Amino acid sequence: MKKILSLFLALLIVFGGTLGVACNSTADGGSEHTCVYNDVKYDAVNHWNECSCGKTISIEKHSFTKGKCACGYNDPDYVEPSNPSNPSNPSNPDPIIPTPTPTPEPEDADTIMRFVVTSDVHYRGKTGERDSADRLASIFESAYEYTDNQTEYKNLDGIFFVGDNTDNGTEAEQTAFFNYVNENTREGTFARAVMGNHEYVDGGYSNISAGLEMFLKCSGYEDDDMHFEINDYHFIMLSIDKYKSGQAKYEFITSSKREWLKAELDKALADDPTGEKPIFVFQHVAPSETMLGSNSAGDPNLKTLLDSYPNVVDFSGHTHRPLTDPGSIWQGTFTALQTGSMAYLDLNITGHPTYNDAGIVSVDENGGWYNGGAKFSIRNAIMYYICELDENNVLTIKVINALTGNIVGDPYVIDSFGDPTGFDYTDERKTNSVAPTFKGSDTITLKSTIGSNLSFSFPQATCKDVVQNYRIEVYEGATLVKTEYKHAGSFWGDLMPETMNVSFGGLKAATKYTLKVYAVNSFAKESIPLTKEFTTDAYSANAIADIFSVKFNADGSATDTVTNTTLKTVGAPAISDGVATFDGNDAFVYEKASAWYPILKEAFTIETYVNQTTNVKKAIVGSMEYGGFGLHYVDGNYRMMIYGTSSESGQSFSTPVSTGEWTHLVGVYDGTNIHVYINGVLMGSQQIKGAFTPSIYDAQSLVIGADVNGKNTIEDYGKCQLKSVNIYSGALTQEQISNLYNGYSN
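In this text the structure is predicted, and so the values were computed from the model without any measurement.

Caption draft 1: The packing of helix α4 (residues 171-184) against helix α5 (residues 208-219), seen in detail. Where α4 meets α5, the axes come as close as 8 Å, and the angle between the chain directions of the two elements is 35°. Here α4 and α5 pass one another in a crossing that is right-handed. Touching E171, Q174, T175 and F178 of α4 are M214, F215, K217, C218 and S219, all from α5. Counted by class, the contact of α4 with α5 contains four nonpolar, three polar and two charged residues.

Right, here's the structure in full:
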């Protein structure tokens, strides 16, 4: 392939006048240049093309003959050159401009093998949130649908699971997992799994033999390791046998297993006299210092072993990183790919001073993230690989969105094995990476500057190497006063949102600021920023609920008037004249409360006008107790509760009140203290323990008339009447709270 590219490039240079070639060389002597001819772009270093047909495939697909590209594109500006002889001087005709003979387009090589690779299913045997039976089903359904739609090679030869097949490693989970795999694997497809660390959970990490025994019992395998062939190509699958107890740092595979692996690799090499065939290796933990996530969760002994086998294509799991990131593949002394997760994602934030390498979780479609609690990460960004090998030993690896069945991004194409000098996915990609760009028409759109809160939106930037995150900076004059990071959402693949919506607090009223948004790609190259100047609103004695404000409708529904969102109804709350009555079985649920937390963590105020109808411990409004905040009625007292991410953060404050009477109840968090107001009067304050960093992965919902626990189950249904529930950015003042109360009392 590279010889064909060189020949074609030479033709372009020789016949540049005919084809309209324009080349630009870099200052380092022309190590990289771009040639534009008939609307086709060729990058001689990275070997990719762009044509008006929208495809970025091999150069053979974009050869031009008389203005027509092999892909079907016709150049509207092409004019065929004329070459007439000169009749006035036959002995000296006009020079004939030679027309190059385009390189014949080779026929597509036949596919001779196709297999699926996935990992970290964390099967729990149920459908629904945080469970993964539906995730496992989506692999089989979408993979076989893809295969059935092929016109030539219609086989799916293998489906391989690279560990953490189950969440807890119990006999019930593993039996259910393997039963599903066995029942849904078609004839002609070989399915196989290896052990990950979660397969040892039930037996205990200190009892490796018990975990192995359970795995073999449930799988029906004779051994946890296996070396087999498909269509004369070697596959080696290796289970880890060392985790936590007695483990040297990042050592997951014992020396005896490594010796077995080396012996099997040597057998595979001896079986290939050409030295050009790939050898496929699968194990749960990555060889360290290779692809994304392997530095903090890889095995250096495995890396040292595989360094001597350039034919190896190694697949590993464990890292839970998104497959859409170009760092998912690494080529150095061999080829390594991480396989993501079908359950939940760990991410990094490239360029972040703390989370550039560390795993964090993404919690919403607007780039919100949190450090920890991976099991509560976004769960509908699930992808896996379909790998296809052709008769010329060219391996094409496609990322498939299991939810849509669509191919995401450009496939990885590997056409050289055994010779690292022919590798394309090396560390040089970082050096050659091009920064993201915003379109010239792109702009920041301000949505709100009420009080200390800023809300705005902007369109996604574009980048060949994937936009990984956005760094958002706020300046007061020349002074940087705030920096926020947001995931770009590239891990959604074809479901990635087109626009980012961002909110945060902590600004000053009546102050002029400059907002800058930088797009950062996976290799830390950043764009020229979008810039916007704005001025926050001046202080007003009449506060406006800018976070949330409920309206109880005559038809029995409830609406958040800030976002015009209809709340989920539980039971049948009775509504009359704008007042909702809850009888201990009813509630309204706003399901996207986590989007507020960048604002609320600075300061916020929650207000309600409530009539407590029974002297029983019940919730009035809550956002997951011990994970967020809420107002409760407990033993004759109204209580504001606020909790962060650990037992050391958060606090509650109570004040007595009588049942059967309407009360204006306000809870204020000012960044350090809780203040509770009853009917416009401050009843008391309490300093919280630690900072209020809301538990985003727990506190997903705000429930009116009840609370909700960490399993997203409604509980503590209240018996009360409510006329309002409002949430404000920032800590309201005594004056503002008094004015709110007067609005009810008058």
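Don't stop here, the text continues.
Caption draft 2: α4, seen in detail. With 14 residues, α4 should cover 20 Å at 1.5 Å per step; its first-to-last C-alpha distance of 20 Å lies within 8% of that length. Within the sequence span of α4, burial applies to E173, Q174, F177, F178, Y180 and V181. Projection of α4 onto a plane perpendicular to its axis shows the buried side chains occupying an angular sector of 155°, all on one side. Opposite its buried face, α4 presents the exposed residues A172, N182 and E183, each directed more than 90 degrees away. Contact partners of the buried residues in α4: α3 (133-148), β8 (158-161), β9 (190-193) and α5.

Caption draft 3: Structural detail: the sheet that holds strand β10 (residues 226-230). Overall, mixed pairing links the six strands, which are arranged β10-β11-β12-β15-β17-β16 in an open sheet. Looking along the sheet, the strands with just one partner apiece sit at the ends: β10 and β16 (329-331). Here the average twist between neighbouring strands, direction ignored, is 20°. Inspection of the sheet shows β16 paired to strand β17 (residues 335-338) by three bridges, in the antiparallel sense. Residue pairing across strands places W330 opposite A336, the latter belonging to β17. Most of the contacts of helix α6 (residues 255-270) go to strand β11 (residues 233-237), to which it runs at about 175°, and overall it touches β10, β11, β12 (279-282) and β15 (312-316).

Caption draft 4: How the structure looks around the packing of α3 against α4. Orientation of α3 relative to α4, taken along the N-to-C sense of each, is 15°, at an axis distance of 11 Å. As far as their axial angle goes, α4 and α3 are roughly parallel. For α3 against α4, the interelement crossing comes out right-handed. Residues L136, A137, F140 and Y144 of α3 lie in contact with α4, whose contacting residues are F177, Y180, V181 and N184. Of the residues that constitute the contact of α3 with α4, the class distribution is seven nonpolar, one polar and no charged.

What counts and how
The residue count restarts for each chain, going from 1 along the sequence in the order it is written. In keeping with the model being predicted, local features are shown solely for residues with a pLDDT of at least 70 and side-chain atom pairs are shown and tallied solely at 80 or more, while totals for entire chains, interfaces and linings include all residues. Side-chain measures here rest on the full set of heavy atoms in the structure, leaving out hydrogens and waters. Axis lines are fitted through C-alpha atoms, for helices just across the contact stretch, and the angle between N-to-C directions can take any value from 0 to 180 degrees. Helix numbering and strand numbering both begin at the N terminus, where a helix is a DSSP run of H or I of at least 4 residues and a strand a DSSP run of E of at least 2. We call a crossing left-handed when the near helix sits turned anticlockwise from the far one by less than a right angle, and right-handed when that turn is clockwise. Here, two residues are considered to be in contact whenever any of their heavy atoms come within 4.5 Å of each other. Charged means Asp, Glu, Lys or Arg here, nonpolar means Ala, Val, Leu, Ile, Met, Phe, Trp, Tyr, Cys or Pro, and polar covers whatever is left, Gly included. What a helix is expected to span follows from its residue count: subtract one and scale by 1.5 Å. Exposure categories follow from relative accessible area, calculated using a 1.4 Å probe and restricted to protein chains: below 20% of the type maximum is buried, above 50% is exposed, and the middle band is partly exposed. The arc in question is formed by the directions pointing from the helix axis toward the C-beta atoms. For two strands to be treated as a pair, DSSP must find no fewer than two bridges joining them. For this classification, under 35 degrees means roughly parallel, over 145 means roughly antiparallel, 65 to 115 means roughly perpendicular, and everything else is oblique.

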